[in-house]
Amino acid sequence: MIPRVLIDTAQVPGDNVELRLVQRGDDFMIVLDRNELMSSRMSASEEALADLGCAHLTGRKGARVLIGGLGMGFTLRRALKILPADAEVVVAELVPKIVEWARGPLAHIFDGCLDDPRVRIAVGDVAWAIEEGGWDAILLDVDNGPDGLTHAGNDKLYSARGLQVAKRALRVGGVLAIWSAYADAAFTKRLKDSGYAVDEQVVRARGTKGARHVIWLAGRR
């Protein structure tokens, strides 16, 4: 059995929460307690977040996209393949160490995407970045679902008030896309009650295999 090797740890700002970067063979994982938040061997549903959330932006001039959560860069890399050369992509990452890992032990996974001239990294709470406004798409993958797992303050993102803030921050026709490890009927209803046009997509963690994840596409009419 291939052993796990601890590479580094990171504190989540504002919370008594520690993330661990772990390597097992060629695979890297970011772990919270016993929860494997992400793994380099599974990227399909994170890529689907970009595919679905940015589908309406193909060929759109001056598109502005906010990605909440850098993770292992899978959503960012896929978005850069979809978006035109004049797009702006802001990645809001709460944990500074994750940005360091992206340029250090995970650099081979990121494959230079942080140096793309369209990309700006904003270290801090994604809620602040949302309020900047003028977004054509907001892609959120900051928790395992619509509740604050890694950062309790993220609960506000999924509240009725938080959804209204995001809607105001979107341009007309813009999309709020939210990744989740599980379905949540109450959250689907909250999106609809907030006035979004809602489409709930089920995607697989590993293409046609692996766990079933959910992506909510909430469009501003």
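Before going into details, it helps to say that this report is about the structure given with it. This structure is a prediction, so every number in the text was calculated from the model and none was measured. (Residues numbered from 1 in each chain as written. Predicted model: local features only at pLDDT ≥ 70, side-chain atom pairs only at ≥ 80, totals over all residues. Heavy atoms only, no water.)

Concerning the packing of aromatic side chains
Here comes step 1: If you walk through the whole model with that rule in mind, you get two aromatic pairs.
Here comes step 2: Ring centres of tyrosine 158 and phenylalanine 187 lie 6.0 Å apart, and the angle between their planes is 80°; on these two criteria the pair is classed as edge-to-face. With tyrosine 158 in helix H6 (residues 155–158) and phenylalanine 187 in helix H8 (residues 185–193), the pair connects residues that are 29 residues apart, well separated along the chain. In terms of burial, tyrosine 158 and phenylalanine 187 fall into one category: buried.
Here comes step 3: Clustering of aromatic rings is evident, with ring pairs tying together Tyr158, Phe187 and Trp216.
Here comes step 4: Directly above the aromatic system of tryptophan 135 lies the positively charged group of arginine 64, at a separation of 4.1 Å from the ring centroid.
Here comes step 5: Here the guanidinium or amino end of lysine 167 rests over the ring plane of tyrosine 196, the centre of that ring lying 5.8 Å away. (Phe/Tyr/Trp six-rings, centres within 6.5 Å; stacked < 30°, edge-to-face > 60°. Helix = DSSP H or I, 4+ residues; strand = E, 2+ residues; numbered from the N terminus. Buried < 20%, exposed > 50% of the residue type's maximum accessible area, 1.4 Å probe, protein only. Lys NZ or Arg CZ within 6 Å of the ring centre and 35° of its normal.)

As for the packing of helix H1 (residues 44–53) against helix H2 (residues 74–82)
Here comes step 1: Across the interface, H1 lies against H2 with an axial gap of 8 Å and an inter-helix angle of 35°. Along this stretch, H1 crosses H2, giving a crossing that reads as right-handed. Taking contact as the criterion, the partners of Glu46, Glu47, Leu49, Ala50 and Asp51 in H1 are, on H2, Phe74, Thr75, Arg78, Ala79 and Ile82. (Axes fitted to C-alpha atoms, helices over the stretch in contact; angles between N-to-C directions. Left-handed = near helix turned anticlockwise from the far one by under 90°. Contact = heavy atoms within 4.5 Å.)

What about the sheet that holds strand S8 (residues 135–140)?
Here comes step 1: Reading across the sheet, the seven strands line up as S7-S6-S5-S8-S9-S11-S10 and stay open at both edges, with mixed pairing between neighbours. Looking at strand neighbours, the two that pair on one side only are strand S7 (119–123) and strand S10 (197–206), the edges of this open sheet. In this sheet, neighbouring strand axes are inclined to one another by 20° on average, regardless of whether the strands run parallel or antiparallel.
Here comes step 2: Direction of pairing for strand S9 (residues 170–180) relative to strand S11 (residues 209–219): antiparallel, over a ladder of six bridges. Its bridge partner lying in S11, isoleucine 178 is registered against tryptophan 216. (Pairing = 2+ DSSP bridges.)

Side note on the pairing of strand S4 (residues 35–39)
Here comes step 1: Bridge count between strand S3 (residues 27–32) and S4: four bridges; the pairing is antiparallel. The residue of S4 that forms the bridge with isoleucine 30 is methionine 38.
Here comes step 2: Hairpin geometry of S3 and S4 is characterised by an intervening segment of two residues between the two adjacent antiparallel strands and by a positive phi of about 50° at aspartate 33.

Details of the side chain of serine 180
Here comes step 1: As for its position among the elements, serine 180 is in strand S9.
Here comes step 2: Side-chain polar atoms of serine 180 contact the backbone oxygen of tyrosine 182, separated by 2.6 Å.
Here comes step 3: Dropping the residues within four chain positions of it, serine 180 is found in contact with Asn144, Gly145, Pro146, His213, Val214 and Trp216. (Polar contact = N/O pair within 3.5 Å; in protein donor to acceptor, adjacent residues only side chain to side chain.)

As for the nonpolar core
Here comes step 1: By size, the foremost hydrophobic cluster in this structure holds 48 residues, and its most contacted members are Leu19, Leu70, Leu76, Leu83 and Leu139.
Here comes step 2: If one sorts the elements of this core by residue count, H2 sits on top with five residues.
Here comes step 3: In contact with leucine 70, not counting residues within four places along its chain, are Leu76, Val91, Ala92, Glu93, Ile98, Val99, Ala102, Phe110 and Leu114.
Here comes step 4: Grouped together as the second largest cluster of nonpolar side chains are 26 residues, Ile130, Val142, Leu170 and Tyr196 included. (Core = buried A, V, L, I, M, F, W, Y, C linked by side-chain atoms within 4.5 Å.)

Remarks on the sheet that holds strand S1 (residues 5–11)
Here comes step 1: Read across the sheet, four strands follow the order S1-S2-S3-S4 without closing on themselves; strand pairing throughout is antiparallel. Each having just a single partner strand, S1 and S4 make up the two edges of the open sheet. Here the strands of the sheet are splayed against their neighbours by 25° on average, with no regard to which way each runs.
Here comes step 2: Both S1 and strand S2 (residues 18–24) contribute to a ladder of six bridges, which runs antiparallel. By the bridge assignment for S2, leucine 6 is matched with valine 22.
Here comes step 3: Most of the contacts of helix H3 (residues 96–103) go to S1, to which it runs at about 140°, and overall it touches S1, S2 and S3.

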